[in-house]
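Chain and residue survey
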Amino acid sequence: MKAFEIGKRDGFDALRATTRETPVAGPGQVLVAPRLVSLISRDLQFVRGTYGGVQPETRIPVSEGVGVVTAVGAGVTSVKVGERVVCGHFTSWIDGPFNPAVFGHDIGITHDGWLAETVVLPAAAVLPVPAALADEDVAGLASAGLTAWNALVEVCRVKPGELVLCLGTGGVALAALKLAKVLGARVAITSSSNAKLVIARELGADITINYRTHPQWAAELMAQTGGAGADIVIETGGQDTLGHSIAATAVNGRIVIIGVTPGQQPAVPDYVSFITRNITIRGIANGSRAMMSDLLRAVAANRITTTVSKTFGFAEAPEAYAYYAAANHVGKVMIRF
């Protein structure tokens, strides 16, 4: 089979095309032929060597995609050859509360990922895709979509009429925007690009703020909400935006910390606000198979589509990474097999 490996992890130029023996499905495993895969921020961090710890140069990257089962191992009865499937990247998190042990089997990081003509997955972790859903609408769910679902539904219990603040127009932010609107919430979104904010408005955002034009964007959000602020903040900006997020949060608001974006602010800013406004702050890491099953049903029932910026061919994987790294896109960057 053809595949890409991470190489020396000094940038996306280090990605190297290779050919390997096609793997064999062991007991409890399935082989999946990817049809469409989606890039996320940690894919870029991984090939740059800033995420994932020490891994072999032969590791196959990419954590989310959709594909067709081509073989099943002994004892597998939950899926069949020919079924289209997706899989959360924490394959051992089937149900129940988070446990740090899930980091031990992380597709595209600790184990080979989707950027190959065949990927080996635990059968217990994969989920069949409803026939009505297009590849484009499920290929990017395992990370960005599932994280947004966990944040809004499982952790924050979003209610109709609440205001959800999304930072930027990345994958998690856009997934949260679409889910929040389906669930009856209002959405505010930030960006440094007016063109991206126009797209966010078209996707349903109620409030848009350019943080270049308004460096104190939390104050601008407060002004536009009559001092009420955001009930839920999807905090994807890292340490450097946390102070603004706290300042933008409503009384009894919830802030969900997502991702490992580094920053220059080591201390927790405006510490007293956690008490005076009863703010809850919670870190999350993706979600379980049970959550993803609920997400798939919600996507199908509400006809939620994925915004795709650009799709590359498999041989163009390094170009897809470069396009993603330029950060001029709105929506998912995908690679088709």
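This text gives an overview of the structure that appears in the document. (Residues numbered from 1 in each chain as written. Predicted model: local features only at pLDDT ≥ 70, side-chain atom pairs only at ≥ 80, totals over all residues. Heavy atoms only, no water.)

1. Considerations on helix α10 (residues 317-326)
Buried within α10 we find Ala317, Ala320, Tyr321 and Tyr324. Each buried residue of α10 sits inside an arc of 100 degrees when the element is viewed along its axis, so together they form one side. If you follow the buried residues of α10, they end up packed against β1 (2-5), α1 (41-47), β14 (308-313) and β15 (332-336). Directly after α10, the chain includes Ala327, whose backbone phi takes a positive value near 60 degrees. (Buried < 20%, exposed > 50% of the residue type's maximum accessible area, 1.4 Å probe, protein only. Helix = DSSP H or I, 4+ residues; strand = E, 2+ residues; numbered from the N terminus. Arc of directions from axis to C-beta. Contact = heavy atoms within 4.5 Å.)

2. Some thoughts on a nonpolar patch on the surface
A contiguous nonpolar patch, built from Tyr271, Val272 and Ile275 and spanning about 370 Å² of accessible area, is present on the exposed surface. The topology assignment puts Ile275 in helix α8 (residues 273-276). Judged by relative accessible area, Ile275 falls into the exposed class, the value being 64%. (Patch = residues over 30% accessible without salt bridge, like charges linked within 9 Å, V, L, I, M, F, W, Y side chains within 5 Å. Areas by Shrake-Rupley, 256 points an atom, 1.4 Å probe, with all protein chains shown as cover. Salt bridge = Lys/Arg side-chain N within 4 Å of Asp/Glu carboxyl O.)

3. A word on the packing of helix α3 (residues 141-155) against helix α9 (residues 289-302)
Relative orientation of the contacting elements α3 and α9 amounts to 95 degrees, with a least axis distance of 10 Å. The orientation of α3 with respect to α9, classified from their angle, is roughly perpendicular. In this structure, α3 uses Leu141, Ala142, Gly145, Leu146, Trp149, Asn150 and Glu154 to contact α9, whose residues at the interface are Met291, Met292, Asp294, Leu295, Leu296, Ala298 and Val299. (Axes fitted to C-alpha atoms, helices over the stretch in contact; angles between N-to-C directions. Parallel < 35°, antiparallel > 145°, perpendicular 65-115°, else oblique.)

4. Considering the sheet that holds strand β9 (residues 186-191)
With respect to topology, six strands assemble into an open sheet ordered β10-β9-β8-β11-β12-β13, the strand pairing being parallel. At either end of the open sheet lies a strand with only one pairing partner, and these are β10 (207-210) and β13 (280-283). Across the sheet, the mean angle separating the axes of adjacent strands is 15 degrees when strand polarity is ignored. (Pairing = 2+ DSSP bridges.)

5. Here's the deal with α3
Compared with the 21 Å implied by 1.5 Å per residue over 15 residues, the 18 Å span of α3 between its first and last C-alpha is markedly short. Extensive coverage of α3 is indicated by the burial of 13 of its 15 residues. Taken from the residues just after α3, Arg157 is the one with a positive phi, measuring 50 degrees. (Expected span 1.5 Å × (residues − 1).)

6. Quick word on the packing of aromatic side chains
A complete count under the given rule lists six aromatic pairs for this structure. Here the aromatic cluster, defined as three or more aromatic residues joined through ring pairs, consists of Phe90, Trp93, Phe98 and Phe103. Taking NZ or CZ as reference, Lys310 lies 5.3 Å from the ring centre of Tyr323, over its face. (Phe/Tyr/Trp six-rings, centres within 6.5 Å; stacked < 30°, edge-to-face > 60°. Lys NZ or Arg CZ within 6 Å of the ring centre and 35° of its normal.)

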